[in-house]
Amino acid sequence: MTRIVVLLTVSLLLGSCAKPVADFSISGDTKAPAKITFTNQSTNAEAYEWMLGDQILTGQASPTFTFDRAGKYLVRLTAKKGKKEAIDYHRVVAEGPQD
């Protein structure tokens, strides 16, 4: 019985020390105003911070955001667990009207 408790405790401690891994995918309309959904696929994280162009969102795991103007935008997801962080970047291109 003691051996099982010790193994379970060690397993729980090692699992709680795992570093977060940031990952996300993008879907939506790319024509401005581009309404984009960001699907968070991060693991081992407790909190998230998104940088969407010049906007910062916190507390949302998988936000939807509209880029009003055509252009190239850097999107950054920071996945956090305690003092540990992991970052993933993608570029969104919002297309303008066709000439």
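Everything below is about the structure printed above this text.
Keep in mind it's a predicted model, so treat the numbers as computed, not measured.

Q: Describe in detail the packing of aromatic side chains, supporting the description with residues and values.
A: All told, the structure shown has 5 aromatic pairs when counted by the stated rule. Between Phe-24 and Phe-38, the ring centres sit 6.1 Å apart and the planes meet at 65°, which makes this aromatic pair edge-to-face. Of this pair, Phe-24 sits in strand β1 (residues 24-28) while Phe-38 sits in strand β2 (residues 34-40), placing them 14 residues apart in sequence. The pair formed by Phe-24 and Phe-38 is uniform in burial state, with each residue classed as buried. Aromatic ring contacts, followed pair by pair, group Phe-24, Phe-38 and Trp-50 into a single cluster.

Q: Now, about the pairing of strand β6 (residues 71-81): what can you tell me, with residues and values included?
A: Sheet topology note: the strand β3 (residues 47-52)/β6 ladder contains 6 bridges and is antiparallel. Following the sheet pairing, Trp-50 is matched in β6 by Leu-77. Strand direction decides the pairing type here: β6 and strand β7 (residues 84-94), joined by 11 bridges, are antiparallel. Bridging from a neighbouring strand, Arg-76 pairs with Tyr-89 of β7. Adjacent in sequence and paired antiparallel, β6 and β7 are bridged by 2 residues, among which Gly-82 carries a positive phi angle near 60°.

Q: Can you tell me about the nonpolar core, naming the residues and giving the values?
A: Counting residues in hydrophobic clusters, the biggest one holds 18 residues, and the most contacted among them are Phe-38, Trp-50, Leu-52, Phe-67 and Val-75. Listed by contribution, the elements that provide at least two residues to this core are β2, β3, β5 (64-67), β6 and β7. With 4 residues, the top contributor of residues to this core is β6. For Val-75, the contacting residues outside a window of four places in its chain are Phe-24, Phe-38, Trp-50, Met-51, Leu-52, Phe-67, Asp-88, Tyr-89, His-90 and Val-92.

About the criteria used
- Residues numbered from 1 in each chain as written.
- Predicted model: local features only at pLDDT ≥ 70, side-chain atom pairs only at ≥ 80, totals over all residues.
- Heavy atoms only, no water.
- Phe/Tyr/Trp six-rings, centres within 6.5 Å; stacked < 30°, edge-to-face > 60°.
- Helix = DSSP H or I, 4+ residues; strand = E, 2+ residues; numbered from the N terminus.
- Buried < 20%, exposed > 50% of the residue type's maximum accessible area, 1.4 Å probe, protein only.
- Pairing = 2+ DSSP bridges.
- Core = buried A, V, L, I, M, F, W, Y, C linked by side-chain atoms within 4.5 Å.
- Contact = heavy atoms within 4.5 Å.

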